[in-house]
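Report on the structure
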Amino acid sequence: MTDLESKLTAEIANLLDDKKVDVFIAFKKAESPLHPQPAFFTESNQLGDFVYNSLCQNNLAAFIPRYPLSARIGMVVRGCENRAVNHLVVEKQHARENIFMIGVPCEGLVDWHKLVNRFGEEMIAVDEAKDEIMISYRDRQIRAPRQELLHDSCLRCVHPNPLSADVTIGELKPEGDPTLARTEVAAFSALDNAARHAWFRKEAERCIRCYACREACPMCYCTECFVDHGVPRWTESTVSPAGMRAWHIVRAFHQAGRCVSCGACERACPMDIKMTYLTEKLNEDMRTKYQFECGMDDKTQPPFAAFNLDDKNRFEL
Amino acid sequence: MIDHKPKIILFQCQWCLYSAEDQTWVDTQLPVNIHLVKVPCTGRINTLYVLNAVQGGADGVMISGCLPEQCHFKEGNLGARRQLDQFADFLDHIGYERNRVRFTWLDLQDRGRIQRDLAQFEADLTKMPKSEALATRVGGHHD
Amino acid sequence: MSQILPKKNLKQLLSNWAASYEIYAPQQLEKFAHFMPTNGSELLYIDEQHNTRFPPKALFLPQSETLMKYTRFGAAQETIPESKPRIVFGIRPCDAKAVDLLNLMFLTEKDSDPYYQARRKKTALIGIGCNIPCPSCFCTTVESGPFGRQGMDALLTDLEDIYLVRTLTQTGKTLFAEYPEATEAQEAEAKAVQQRSLKLIDPAFETKGLKAKLDSNFENALWQKFADSCLGCGICTFLCPTCFCFDIADEAQRKERVRNWDTCMFRTYSLEASQHNPRPTRRERTRQRVMHKFSYWLDHVNKIGCTGCGRCVRYCPVGLDIRAMLREFNQLEAEVANG
Ligand code: SF4
Ligand code: SF4
Ligand code: SF4
Ligand code: SF4
Ligand code: SF4
């Protein structure tokens, strides 16, 4: 057990023993080394399985809308998860006073796609040190620099520190560089229309419409998603280009002003489909047009839920 | 260059044309290449409508509505302007050129402007190639 | 008795076949292996130790398929595919067995699905065994193995620069007719490779008595525990080589009736028109997936509906592992049925 894990365990045990929360959402060990499993602890004696490391791929805030507003939820949060919680509070998906966040300044997540693409499916264990990842096979071990395996969203992360956790464990990290986050969107936008379109098609048309991206996203909590709607049918139901492109366009667009750049959608995808180049474009536009960044507090309405006569002259007439 | 008339989908807020002649013109005399979708307010235009038009092979989409502070429903147009403008930018991001989506926000004295704006739009679209990005149901049915 | 196919001859062989067959073989899509058409000129991706990410069931039961086209006034026209004879080359034993299991669903004596039939009947499966199984593979637990032959017309064993070919049907024999017989030493080498591989896979759970335990623990609290982490996505079932559920829909704008893969993990799967949902929460849905494969399949055709390919284990975004779930059931008591 790492130092961080033992500190977290102690905190969580206290919360559960003092009955300050009804459930504590964190991770536990799973047999597959690449995917620790979201876990829901209700008693401190269940914490034996507890694990917390850079392979914990999910955004745990995605589980919050499953609970009634009155449930007292404890959660371990990284920067993006804290922001997701904040925004869920803005959208009235839970009451802030009923969430207890233990914050962990985030080192960045190791992307399982990058691991598998580079090291194959034969890994039997993956361990981490500060700057290195150790990959074990049945008969040998390999080391690789952590930086090369971080998820793209983490490489461009601007706010790795939890902003409003109730307790924070560990030392705060320096803020990320906002220009870095923008360079990629800018580079994509600089391509011509045909090139952008070609990239979009190449990614979208590999989709198998499993909707893991949706289910993994803290903001996709609609009881009925537009793709599941039968009458009227908004988009084609098939894996035709029409259906798959519509899914990618509209899912991303529904995140305009609501996305916290966690990358959980991309990490959930079984087909290695890139999709944060869509949401990051929207995030960038929300920043430049409306000076809005999602999840920075738990009060400010996103641009599409608010409107302002001040933007009267911003549009072509 | 398009060798035939560009297909335009016009989403029109039913309150935005203040003069009866303009509305009659839109209702009865739109050229065949312009398809009218009348809505109770621009605020009612779901981005999925726009997408459906684009996937159906629209070379251009025009949205006409009322100016801010003149919305029949007070603020439907304010939300619509933010969302639809962003959606047009977003479509551009994945290859459907920004100038294929046009807005015309109409005022009381804008008599006859809808005809002019549509004509201008059509002229501009004619200079562009047929829209292929995102058109997935071309040769679609209109019956 | 086996034959020898030198690896350097593979391209030529595929292009010879291409004259009279459509051929599908694993090739690289992004960074993973994916079945795609080939005429021998493409670079194959079969020396990789692991399986394709997307299951080859899609070659028989495509994810979306048009069943018929209609017009406003005319009669509907069924669109049963007229496929050329096909070869699926490089299919792994778990996936070939899965196709065989799908036959039980779609090619029954009484009633065959014409769309599936049209594709299946004309397709030969040339398999390749797995020299180094992934840690997530558990084929040996479910009556198969890294060199299982079920469903195949021929099975290849990779021996460095040759493949040892074991033909299993007349079709297989014809396809490899011109290749020389293997020497005894080569046969022995292949056997050693196969046995080594077999030893690498540990039993994942106990199948004996499992069905009874599942059946008698239908209301067990474990199901809720599993469902708590489950996202309810389509990964485990869409990537599963044996899942065959589909939904029929009308694409009115295209004037087509289509069928799409569906999955019991989706909320909409069992949602009725009245909005009543007999499987209202993830608990019932998670249970359905496991029960179907390890209990209901046995009721219907007396076979386990899982071939141990391990895809659901590898790609579940929350690390829900069907092996671990079943082991928890292994530990429970099966209530003794009274009468
Ligand atoms: S869209 Fe993706 S990156 Fe944005 S909040 Fe949802 S899961 Fe995170
Ligand atoms: S894609 Fe849109 S409709 Fe679907 S769940 Fe997400 S936010 Fe809701
Ligand atoms: S997770 Fe990937 S494959 Fe699944 S629906 Fe989303 S983009 Fe498509
Ligand atoms: S019911 Fe579920 S587990 Fe069974 S075949 Fe259908 S999708 Fe697969
Ligand atoms: S892949 Fe995992 S999260 Fe998705 S439905 Fe299956 S068990 Fe649930």
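Residues numbered from 1 in each chain as written. Chains lettered and ligands numbered in written order. Predicted model: local features only at pLDDT ≥ 70, side-chain atom pairs only at ≥ 80, totals over all residues. Heavy atoms only, no water.

**Focus: helix α2 (residues 79-90) of chain A**
Residue and element names in this part refer to chain A. Helix length check: α2, at 12 residues, gives a terminal C-alpha distance of 17 Å against a target of 16 Å (1.5 Å per residue), a fit within 8%. Within α2, 12 of the 12 residues are buried, which leaves the element mostly enclosed by the surrounding structure. Of the residues making up α2, those classed as buried are G79, C80, E81, N82, R83, A84, V85, N86, H87, L88, V89 and V90. Looking at the packing, one finds that the buried side of α2 touches β3 (73-77) and β4 (99-103). Looking one or two residues past α2, K92 carries a phi angle of roughly 60°, positive in sign. (Helix = DSSP H or I, 4+ residues; strand = E, 2+ residues; numbered from the N terminus. Expected span 1.5 Å × (residues − 1). Buried < 20%, exposed > 50% of the residue type's maximum accessible area, 1.4 Å probe, protein only. Contact = heavy atoms within 4.5 Å.)

**Structural notes on the interface of chain C and chain A**
Contact with chain C, which involves 50 residues of that partner, is made by 45 residues of chain A. Both faces combined, the contact of chain C with chain A buries some 3,900 Å², and carbon together with sulfur accounts for 53% of it. C:R323 is the salt-bridge partner of A:E31, the closest N and O atoms lying 3.4 Å from each other. Applying the counting rule to chain C against chain A returns 21 residue pairs in polar contact (both at pLDDT 80 or more). Sorting elements by how many residues they give to the side of chain C that touches chain A places helix α7 (residues 222-229) of chain C first, with four residues. Counted by class, the side of chain C that touches chain A contains 25 nonpolar, 11 polar and 14 charged residues. (Buried area = accessible area lost by both parts, 1.4 Å probe. Salt bridge = Lys/Arg side-chain N within 4 Å of Asp/Glu carboxyl O. Polar contact = N/O pair within 3.5 Å; in protein donor to acceptor, adjacent residues only side chain to side chain. Nonpolar A, V, L, I, M, F, W, Y, C, P; charged D, E, K, R; others polar.)

**Quick look at the site of ligand 4**
By nearness alone, every residue bordering ligand 4 is listed as C:T237, C:C243, C:F244, C:C245, C:T263, C:C264, C:Y269, C:Q288, C:R289 and C:H292. Across the shell around ligand 4, the residue classes tally to five nonpolar, four polar and one charged. (Near = heavy atom within 4 Å.)

**Focus: the interface of chain B and chain A**
In this assembly, 36 residues from chain B lie in contact with 38 residues from chain A. Here chain B is connected to chain A by three salt bridges. A salt bridge links A:K289 to B:D85; the shortest N-O distance between them is 3.5 Å. Our count for the chain B to chain A interface comes out at 12 residue pairs in polar contact (both at pLDDT 80 or more). Elements represented by at least two residues in the side of chain B that touches chain A include exactly α2 (47-55), α3 (76-93) and β4 (101-106) of chain B. Top element by residues in the side of chain B that touches chain A is α3(B). It accounts for 13 residues. Across the side of chain B that touches chain A, the residue classes break down as 15 nonpolar, nine polar and 12 charged.

**Focus on the confidence of the model for chain B**
Here chain B averages 91 in pLDDT, while 94% of its residues score no lower than 70. On the interface metric, ipTM, the complex scores 0.95, and its pTM is 0.95. (pLDDT = per-residue confidence, 0-100.)

**As for the pattern of salt bridges**
Scanning the model with the defined rule gives 62 salt bridges over all chains in all. When the shortest N-O distance is used, the salt bridge between C:R267 and A:E224 registers 3.8 Å. Note that C:R267 is positioned in the loop between β11 (256-261) and α9 (282-301) and A:E224 in the loop between α7 (212-216) and α8 (241-253), a pairing that runs across two chains. Ionic pairing is found between A:E236 and C:R254, a salt bridge with its closest N-O pair at 2.7 Å.

**Details of the pairing of strand β3 (residues 32-38) of chain C**
All names here are of chain C. Buried residues dominate β3, accounting for five of its seven residues. Inspection of the sheet shows strand β2 (residues 22-29) paired to β3 by seven bridges, in the antiparallel sense. Opposite I23, over in β3, you have T38 as the bridge partner. Linking β2 back to β3 in an antiparallel pair, the connection comprises two residues, with E30 at a positive phi of about 50°. (Pairing = 2+ DSSP bridges.)

**Some thoughts on the nonpolar core**
Counting 183 residues, the largest nonpolar core has A:L115, A:I249 and C:F294 as the members making the most contacts within it. In this structure, C:F294 is in contact with C:V142, C:F205, C:L210, C:K211, C:L214, C:I304, C:C306, C:I322 and C:L326, ignoring residues within four places of it in sequence. Judged by nonpolar contacts, the second largest core, of 21 residues, contains C:L10, C:A124, C:L175 and C:Y179. (Core = buried A, V, L, I, M, F, W, Y, C linked by side-chain atoms within 4.5 Å.)

**Looking at the packing of α8(A) against α3(B)**
Relative orientation of the contacting elements α8(A) and α3(B) amounts to 135°, with a least axis distance of 11 Å. As far as their axial angle goes, α3(B) and α8(A) are oblique. As for the relative orientation of α8(A) and α3(B), their crossing is right-handed in sense. Along the contact surface, α8(A) presents A:I249, A:A252 and A:F253, while α3(B) presents B:Q83, B:Q86, B:F87, B:F90 and B:L91. Counted by class, the contact of α8(A) with α3(B) contains six nonpolar, two polar and no charged residues. (Axes fitted to C-alpha atoms, helices over the stretch in contact; angles between N-to-C directions. Parallel < 35°, antiparallel > 145°, perpendicular 65-115°, else oblique. Left-handed = near helix turned anticlockwise from the far one by under 90°.)

**Let's talk about the domain arrangement of chain A**
All names here are of chain A. Domain annotation for chain A reports domain 1 (3-111 + 150-305) and domain 2 (112-149). The distance between the C-alpha centroids of domain 1 and domain 2 comes to 24 Å. Of the residues lining the interface, 20 residues belong to domain 1; the matching set on domain 2 comes to 17 residues. Sorting the residues of domain 1 by area buried against domain 2 places L34, D111 and L150 first, and these three jointly supply 38% of that buried surface. Where domain 1 meets domain 2, there are two salt bridges. Close ionic contact of D152 with K114 constitutes a salt bridge, the shortest N to O distance being 2.8 Å. Taken together, the connections running from domain 1 to domain 2 amount to 15 residue pairs in polar contact (both at pLDDT 80 or more). Those elements that provide at least two residues to the side of domain 1 that touches domain 2 are α4 (152-155) and α9 (264-268). In terms of residue class, the side of domain 1 that touches domain 2 is made up of eight nonpolar, six polar and six charged. (Domains from an automatic or database assignment.)

**Re the site of ligand 2**
Neighbouring residues of ligand 2: A:R214, A:C220, A:C222, A:C225, A:F226, A:R251 and A:H254. The residue makeup of the shell around ligand 2, split by class, is four nonpolar, one polar and two charged.

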